[in-house]
Amino acid sequence: MNKRKVAVLGPIPRDYIVTHNNEVIQKYGCVTHTAIALSNLLGPDDVVYPVTHIRKSDEAGIKDLFSSYKNIDTSYISSEEDRGDVIQLKFTDQNNRIETQTAFMKPIMPEDIKDLLDCEVFVCVPVTDFEVPLDTIQYIKKNSNAAIVFDAHGPTTALTTKGERVTKFWVDRDLWLPYIDVLKMNLEEANCSWFQNEYTLEELKHNDEIAMEQLPVFAEHCLRHQLKSLFVTLDSRGVMVYTLENNKLKQQLVPSVPVEHVVDTTGCGDSFAGGIAFSLLLAPEDPIKAAQFGNAMGAQRTQGKTFDVFKSLKETQAILDKTYS
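Computed from a predicted model, the values in this text were never measured in an experiment.

Peer 1: Help me out: how do you make sense of the packing of helix α1 (residues 31-41) against helix α9 (residues 268-282) in this one?
Peer 2: Relative orientation of the contacting elements α1 and α9 amounts to 40°, with a least axis distance of 7 Å. As the angle between them shows, α1 and α9 are arranged oblique. Considering how the two elements wind past one another, α1 and α9 form a crossing that is right-handed. Contacts between α1 and α9 involve His33, Thr34, Leu38 and Leu41 on the former and, on the latter, Asp270, Ser271, Ala273, Gly274, Ala277 and Phe278. Looking at the contact of α1 with α9, its residues break down into five nonpolar, four polar and one charged.

Peer 1: Quick question: what am I supposed to make of the pattern of salt bridges here?
Peer 2: Here the structure, examined in full by the defined rule, presents 17 salt bridges. Here Lys106 and Glu81 are joined by a salt bridge, their closest N and O atoms 3.9 Å apart. Here the residue Lys106 occupies a position in the loop between β7 (97-103) and α3 (110-113), and Glu81 occupies one in the loop between β5 (77-78) and β6 (86-91), the gap between them amounting to 25 residues. Of the charged contacts in the structure, one is a salt bridge between Asp174 and Arg173, with a shortest N-O distance of 2.7 Å. On the basis of relative accessible area, Arg173 is assigned to the buried category, the value being 6%. Several salt bridges share partner residues, and in doing so they unite Arg97, Glu99 and Arg165 into one network.

Peer 1: Teacher, can you tell me more about the nonpolar core here?
Peer 2: One finds Leu38, Val123 and Phe231 to be the most contacted residues of the largest nonpolar core, which totals 54 residues. Not counting chain neighbours up to four residues away, the residues in contact with Phe231 comprise Val182, Leu183, Lys184, Met185, Val239, Met240, Val241, Phe272, Ile276, Pro287, Ala290 and Ala291.

Peer 1: Sorry, what's going on with empty space enclosed by the protein here?
Peer 2: Empty space among the atoms becomes apparent when a probe as large as a water molecule is rolled across them. Considering all chains together, one arrives at one cavity of 30 Å³ or more under this definition. Taken as a whole, the largest cavity holds about 30 Å³ of empty space. Lining the largest cavity, in full, are Pro126, Thr128, Asp129, Glu131, Val132, Phe150, Gly154, Pro155 and Trp176. Residue composition of the lining of the largest cavity, grouped by class: five nonpolar, two polar and two charged.

Peer 1: Explain the packing of helix α10 (residues 287-301) against helix α11 (residues 313-324) to me, please; I cannot follow it from the model alone.
Peer 2: Between two packed helices, the angle of one axis relative to the other and the distance separating the axes together describe the packing. Axis separation between α10 and α11 bottoms out at 10 Å; the angle between their running directions is 110°. Relative to α11, α10 is oriented roughly perpendicular. Every pair of crossing elements has a handedness; the one defined by α10 and α11 is right-handed. Judged by residue contacts, Lys289, Gln292, Phe293, Asn295, Ala296, Met297 and Gln300 of α10 engage Leu313, Thr316, Gln317, Ile319, Leu320 and Tyr324 from α11. Split into classes, the residues belonging to the contact of α10 with α11 amount to seven nonpolar, five polar and one charged.

Criteria and thresholds
Residues numbered from 1 in each chain as written. Predicted model: local features only at pLDDT ≥ 70, side-chain atom pairs only at ≥ 80, totals over all residues. Heavy atoms only, no water. Axes fitted to C-alpha atoms, helices over the stretch in contact; angles between N-to-C directions. Helix = DSSP H or I, 4+ residues; strand = E, 2+ residues; numbered from the N terminus. Parallel < 35°, antiparallel > 145°, perpendicular 65-115°, else oblique. Left-handed = near helix turned anticlockwise from the far one by under 90°. Contact = heavy atoms within 4.5 Å. Nonpolar A, V, L, I, M, F, W, Y, C, P; charged D, E, K, R; others polar. Salt bridge = Lys/Arg side-chain N within 4 Å of Asp/Glu carboxyl O. Buried < 20%, exposed > 50% of the residue type's maximum accessible area, 1.4 Å probe, protein only. Core = buried A, V, L, I, M, F, W, Y, C linked by side-chain atoms within 4.5 Å. 1 Å grid on protein atoms, 1.4 Å probe; cavity = no way out; pocket = protein on both sides within 12 Å on 5 of 7 lines; lining within 4 Å. Points joined across faces, edges and corners; volume = space filled by probe spheres on them.

Given below as structure tokens:
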């Protein structure tokens with residue numbers, strides 16, 4: 001089998017987390033979840049390339065974290081600018097949290113990935129709107145044959161001058177869609193991505209999640225702007241998968257992989273993106289299989305505080321067989 005290559009673009013924030021159980025966790029997040037989830041699914045001869053900018057003070061810890069994963073190449077993790085994300089997360093319940101960001105990474109630009117254009121998949125997992133710019137997505141699409149998986153958490157999140165991480169409308173969404181193959185988001189991010197021509201002040205007060213009846217309308221809009229598939233996660237219910245088949249909208253709910261006890265949901269979305277990326281290597285035309293792998297990796301992420309929660313391909317396949325057979 002030929003060596004498979006996947007690039008993961010986004011921040012490796014130094015996270016300080018207070019869980020919904022009031023436990024305190026300090027760890028490196030975002031790209032680490034995606035890269036390590038992929039590392040466990042891929043073979044020893046495959047390569048995962050995290051691409052990011054970090055603080056010099058975090059370099060040793062991040063490199064040490066990845067050192068036991070022999071198929072992760074850290075050559076594209078740069079501390080040259082000494083700019084990386086630092087984020088504090090306080091969960092108010094299992095899925096909701098208050099976020100504060102106190103340091104900000106240098107954006108990932110085309111020159112950061114110009115030597116990785118032979119990768120089969122680029123997974124973009126920005127958490128704030130400046131980290132993976134549109135110019136970089138356009139460069140990948142123009143210069144490679146790779147599939148691009150993109151997490152909408154980035155363009156729907158902004159920072160105030162007090163470091164508060166707040167949601168925002170993805171107003172230039174349609175400029176991005178032609179350059180993305182697989183778009184992943186949750187209900188709140190979908191709401192930020194599907195907006196009215198004008199609102200009343202009263203409507204804006206309660207504008208939190210997209211209405212479920214609007215999801216197919218939003219999905220069809222995205223797919224007719226050259227997106228290949230849209231995944232909208234529904235927390236414990238699973239994920240809605242939208243595609244066009246014979247020029248008609250196809251939608252399917254893929255139920256979640258059940259878990260008995262949730263320890264920490266930080267990084268579930270990033271892990272889900274890793275599952276999608278892996279599935280694209282196996283079956284690029286099967287979005288349902290991608291959703292199943294995404295659900296499996298997201299479920300694994302909830303099961304502990306460390307990266308030991310991620311299982312091998314054989315173990316993950318057994319979970320999928322039990323859940324979806």
